[in-house]
Amino acid sequence: MKTVFKRPDSLKNVQTHFCPGCHHGSVHRLVAEALDEHKIRSETIGVASVGCSVFLYGYFDVDVIESPHGRAPAVATGAKRARPDRIVFTYQGDGDLAAIGMSEIIHAANRGEDFTVIFVNNTTYGMTGGQMAPTTLPGQKTSTSPYGRDVKNDGAPFKMAELLAQLEGVAFTARVAVNNPKNVLQAKKMISTAFRYQVEKKGFSFIEVLASCPTNWGMQPLAANQRVSDEMIPYFPLGIYRNTANL
Amino acid sequence: MSVNETGKVFIKGNEAVAMAALEAGCKCYFGYPITPQSDIPEYLSRELVKRGGVFIQAESEIGAINMLLGASATGVRAMTSSSGPGISLKQEGISYMAGAELPGVIVDIMRAGPGLGGIDASQADYFQATRGGGHGGYRIIVLAPASVQEMYDLTMLAFDLSDQYRIPALVLADSAIGQMKESIVLNARKQISLPDKSWAVRGRAGDDQQNVVKSLYLGDGEMEAFHWKMHARYQTLSDYECRWEEVMTTDAKLIVTAFGSTSRIAKTAITMAREEGLKVGLMRPISLFPFPKKAYAQLSDHCKYFLDIELSTGQMIDDVRLSVARDAEVFFYGRPPGAGSLPTPEELLEQIKKFYQTVISHQGD
Amino acid sequence: MRYDVFIAGYGGQGVLLAGNLISYAAILEGKNVSFFPAYGVEKRGGAAMCTIVFADGDTGSPIVGNPSVAICLNQLSFDKYSSKVKAGGVCIVNLSLVNTDGFSDSDVFLIPIPMNQIAQDLGDIRMVNMVACGAYASISGSLGIDTLGEALKKAIPEKNHALIPANIRALEAGAEAANARRKA
């Protein structure tokens with residue numbers, strides 16, 4: 001009998017704590033598949049951040065270091081430099097990476113640190129209850145932007161995949177989504193490429209994943225999936241923004 | 001730097017820290033420039049890299065301490081160094097390291113504060129160092145060198161103690177000790193047996209066990225259990241790792257107590273006092289955490305008067321008062337940081353004489 | 001024995017190099033040494049000073065309130081520090097730049113030496129610090145002039161070692177000048 005669907009070895013056989021319709025589960029799976037595909041699970045160190053993604057070690061069957069809020073790229077720098085023969089990735093949300101951790105991510109990218117960053121952008125702080133994030137869309141209502149994000153007051157959302165693409169140390173940046181099968185297939189390819197670049201010691205690789213947060217958006221999962229297509233992708237276009245293989 | 005025929009080298013306190021780190025097998029240094037400690041990163045940027053180690057000038061003190069966290073989590077020896085304003089920024093990371101039971105060495109060459117303060121020698125970060133400094137309730141090992149030789153020896157000890165107890169260790173000195181040069185012996189690293197780092201995150205290859213370095217404790221009773229476990233470990237430190245120096249305390253009627261640079265000056269002052277017939281001694285804590293409480297208690301069995309001297313308005317004095325017998329009196333002479341804050345031995349002698357008079361008038365000759 | 005010497009001048013007079021040289025010489029003679037530099041916020045100019053303590057045993061306090069010997073290379077340091085020299089101590093003064101009129105401390109031996117002049121006569125005014133070190137060794141009897149000469153190899157960078165013979169002449173000239181003053 002042919003196996004057509006199985007759990008990646010890099011994921012533990014446990015139920016997640018994520019809300020119904022949340023995309024973290026899909027992103028976890030794609031990362032795990034990449035680790036399996038490149039046969040790097042046993043040499044991988046995951047670096048968890050603060051937010052919904054803090055429980056990385058509960059789902060991934062790899063060694064994990066937990067970081068202070070926003071500092072995962074600095075922690076990953078220390079780990080990778082100390083053990084350059086290991087595969088290191090961070091897994092961070094938008095508040096963690098693009099607000100409190102902006103300094104750490106920019107400098108790690110600029111140094112061309114040889115690790116992979118999985119950046120989950122769902123336009124809100126999920127764990128703390130749906131506050132405005134640095135990627136919250138203009139006009140989007142959150143618990144701390146009750147009248148909608150006002151760009152004059154709060155600035156415009158950061159486009160991290162584009163921003164980091166400007167830095168010479170960066171080998172690969174791309175933005176993907178996981179809200180429909182076509183996007184999932186594309187995301188799988190990009191995440192796999194990011195890890196392959198690390199295996200090949202090409203330098204810093206960065207994948208921004210547009211994700212839903214039905215709970216904090218106050219939406220049903222299907223409507224949340226639709227919002228990714230209707231509102232997020234137009235503002236945060238999918239695609240590859242830097243690829244040193246093409247330079 | 002060249003080794004002399006006498007086997008001694010003549011180096012700055014800050015350089016001694018850097019050289020000790022190399023001898024201790026430190027593999028990674030992460031730092032950020034700040035006066036008066038920049039000799040440490042400058043030295044290591046040359047020498048650590050030559051030896052195949054890692055040197056990164058981080059984007060900030062926050063970046064540096066978290067790089068230390070990451071490197072240390074993989075089981076290698078690593079360090080950072082800074083001064084007041086930078087040490088404040090590092091407190092977040094130190095708290096996470098304490099929470100994750102990570103070793104790591106932090107060197108603090110104290111300067112004047114609060115705020116931007118100044119670069120004069122100061123001891124006003126005693127509280128910050130010995131009370132943990134960050135959030136959540138923890139302690140770190142704190143060692144206070146009083147000479148360039150001790151800058152070297154105690155930095156090496158900091159690596160050993162930190163690995164042994166899985167607690168971050170801080171070497172607490174000031175700009176006077178950091179900037180002065182002395183002839184010292186480059187002692188070889190002590191070969192002691194330390195617990196292996198089976199907890200380290202290195203990828204699962206080898207042990208096929210998932211290792212997680214974390215400080216989040218959400219399980220029922222987990223956080224409380226962690227606190228009591230660490231409490232017991234801090235107690236073990238207090239029982240076995242207190243270090244101090246006593247000078248002429250046996251017959252002393254007044255015991256001067258000070259740490260770091262101040263103790264060094266005080267030592268000469270008590271020698272001068274002895275020459276004038278005053279029965280004065282010195283108690284110098286070398287480990288500030290664990291604080292040598294029992295040693296103070298024992299001293300106060302026979303000597304009821306102490307004179308605490310600090311380059312602040314008084315911080316260590318709290319620990320001294322908590323340690324000595326209840327009927328002992330602790331006087332204070334403070335020189336908060338500022339231009340010319342370091343007292344001369346002659347000035348301390350004057351203070352010693354003044355307080356000695358009080359002792360005699362209370363006690364008789 | 002425990003010796004201490006305080007050196008002060010303005011930036012550029014080689015105060016710290018003089019301190020380093022004395023330190024290296026003391027180490028060569030088997031002493032323990034503490035060298036305490038005063039440093040300011042500004043990197044250049046302004047006052048420069050340092051204290052060197054050396055001893056067979058413990059050096060004790062690196063800071064000395066009342067030094068046994070003070071070397072004052074300019075007027076400002078003489079005005080500020082000559083009164084700090086302890087009773088029975090020595091104040092070596094750069095007579096080329098310092099007016100000692102009005103100095104009345106009879107407990108302190110004043111050794112005025114025209115250091116700039118001597119250095120200039122030897123061909124380089126920058127050797128004023130070497131003249132001072134020679135004078136100090138001779139007056140204090142704490143270090144051999146030969147040892148100071150030997151210590152130059154450690155105190156100055158290798159690329160400047162060609163200047164060692166000239167510096168040794170300056171050390172010797174300083175010592176002779178101090179000897180002459182003492183006999184006078």
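K.L.:
What exactly am I supposed to notice about the overall build of chain C here?
P.N.:
The number of helices and strands found in chain C is six helices and six strands. Secondary structure elements of chain C, listed N to C terminal, follow the sequence β-α-β-β-β-α-β-β-α-α-α-α. In terms of overall dimensions, chain C is globule-like: its C-alpha atoms have a radius of gyration of 15 Å, near the 16 Å expected for 184 residues. With the principal axes as the frame, chain C shows a C-alpha extent of 45 × 40 × 40 Å. Taking all 184 residues of chain C together, 50% fall into the buried category.

K.L.:
What exactly am I supposed to notice about the sheet that holds strand 2 (residues 32-38) of chain C here?
P.N.:
Backbone hydrogen bonds are what pair the strands of a sheet, in a parallel or an antiparallel way. Strand order in the open sheet formed by eight strands is 1(B)-8(B)-2(C)-3(C)-1(C)-4(C)-5(C)-6(C), with mixed pairing between adjacent strands. A single partner strand is all that each edge strand has here, and the edge strands are strand 1 (8-12) of chain B together with strand 6 (109-113) of chain C. Going from strand to strand, the sheet's axes swing by 20° on average, the running direction of each strand aside. The pairing of strand 8 (residues 181-185) of chain B with strand 2 of chain C spans two bridges and is antiparallel. Within strand 2 of chain C, the residue paired with E182(B) across the bridge is S34(C). Running over the sheet, helix 1 (residues 13-23) of chain B touches strand 1 and strand 8 of chain B and is turned about 115° from strand 1 of chain B.

K.L.:
Is there a simple way to explain the sheet that holds strand 5 (residues 105-110) of chain B in this structure?
P.N.:
Residue and element names in this part refer to chain B. Overall, mixed pairing links the seven strands, which are arranged 3-2-4-5-7-6-13 in an open sheet. Looking at which strands have only one partner, the edges of the open sheet turn out to be strand 3 (54-57) and strand 13 (287-289). The average angle at which neighbouring strand axes cross in this sheet is 20°, direction not considered. Both strand 5 and strand 7 (residues 169-174) contribute to a ladder of six bridges, which runs parallel. Counterpart to I109 in the pairing with strand 7 is A173.

K.L.:
Mind showing me how you'd approach helix 8 (residues 222-240) of chain B here?
P.N.:
Owing to its 3.6 residues per turn, the α-helix brings residues three or four apart onto one side. With 19 residues, helix 8 of chain B should reach 27 Å at 1.5 Å per residue; the first-to-last C-alpha distance of 27 Å fits that figure. Little of helix 8 of chain B sits inside the fold, with zero of its 19 residues counted as buried.

K.L.:
For this particular structure, what's the right way to read the interface of chain A and chain B?
P.N.:
Note: interface size is frequently given as the accessible area lost on complex formation between the parts. Facing 28 residues of chain A, the contacting portion of chain B comprises 34 residues. Every element with two or more residues in the side of chain A that touches chain B is listed here: strand 1 (44-48), strand 2 (63-66), helix 3 (72-82) and helix 5 (102-110) of chain A. Looking at the side of chain A that touches chain B, the element that brings in the most residues is helix 3 of chain A, giving eight residues. Of the residues assigned to the side of chain A that touches chain B, the class counts are 12 nonpolar, seven polar and nine charged.

K.L.:
What is the right way to look at the pairing of strand 1 of chain B in this model?
P.N.:
A regular strand places its side chains on the two faces of the sheet in alternate fashion. Residue and element names in this part refer to chain B. Across the five residues that make up strand 1, a large majority, four, are buried. With five bridges connecting them, strand 1 and strand 8 associate as antiparallel partners. Considered in strand 8, the bridge of I11 is made with E182.

K.L.:
Honestly, the domain arrangement of chain B in this entry has me stumped. Any pointers?
P.N.:
Residue and element names in this part refer to chain B. Assigned domains of chain B: these are domain 1 (8-204 + 227-240) and domain 2 (246-363). The C-alpha centroid of domain 2 is placed 27 Å from the C-alpha centroid of domain 1. In this assembly, 27 residues from domain 1 lie in contact with 24 residues from domain 2. Secondary structure elements with two or more residues in the side of domain 1 that touches domain 2: helix 5 (126-130), strand 6 (141-143), strand 7, helix 7 (175-179) and helix 8.

What counts and how
Residues numbered from 1 in each chain as written. Chains lettered and ligands numbered in written order. Predicted model: local features only at pLDDT ≥ 70, side-chain atom pairs only at ≥ 80, totals over all residues. Helix = DSSP H or I, 4+ residues; strand = E, 2+ residues; numbered from the N terminus. Rg over C-alpha atoms; globule rule 2.2 N^0.38 Å. Buried ≥ 20, exposed ≤ 12 C-beta atoms within 10 Å, placed from the backbone. Pairing = 2+ DSSP bridges. Axes fitted to C-alpha atoms, helices over the stretch in contact; angles between N-to-C directions. Contact = placed C-beta atoms within 7 Å. Expected span 1.5 Å × (residues − 1). Nonpolar A, V, L, I, M, F, W, Y, C, P; charged D, E, K, R; others polar. Domains from an automatic or database assignment.

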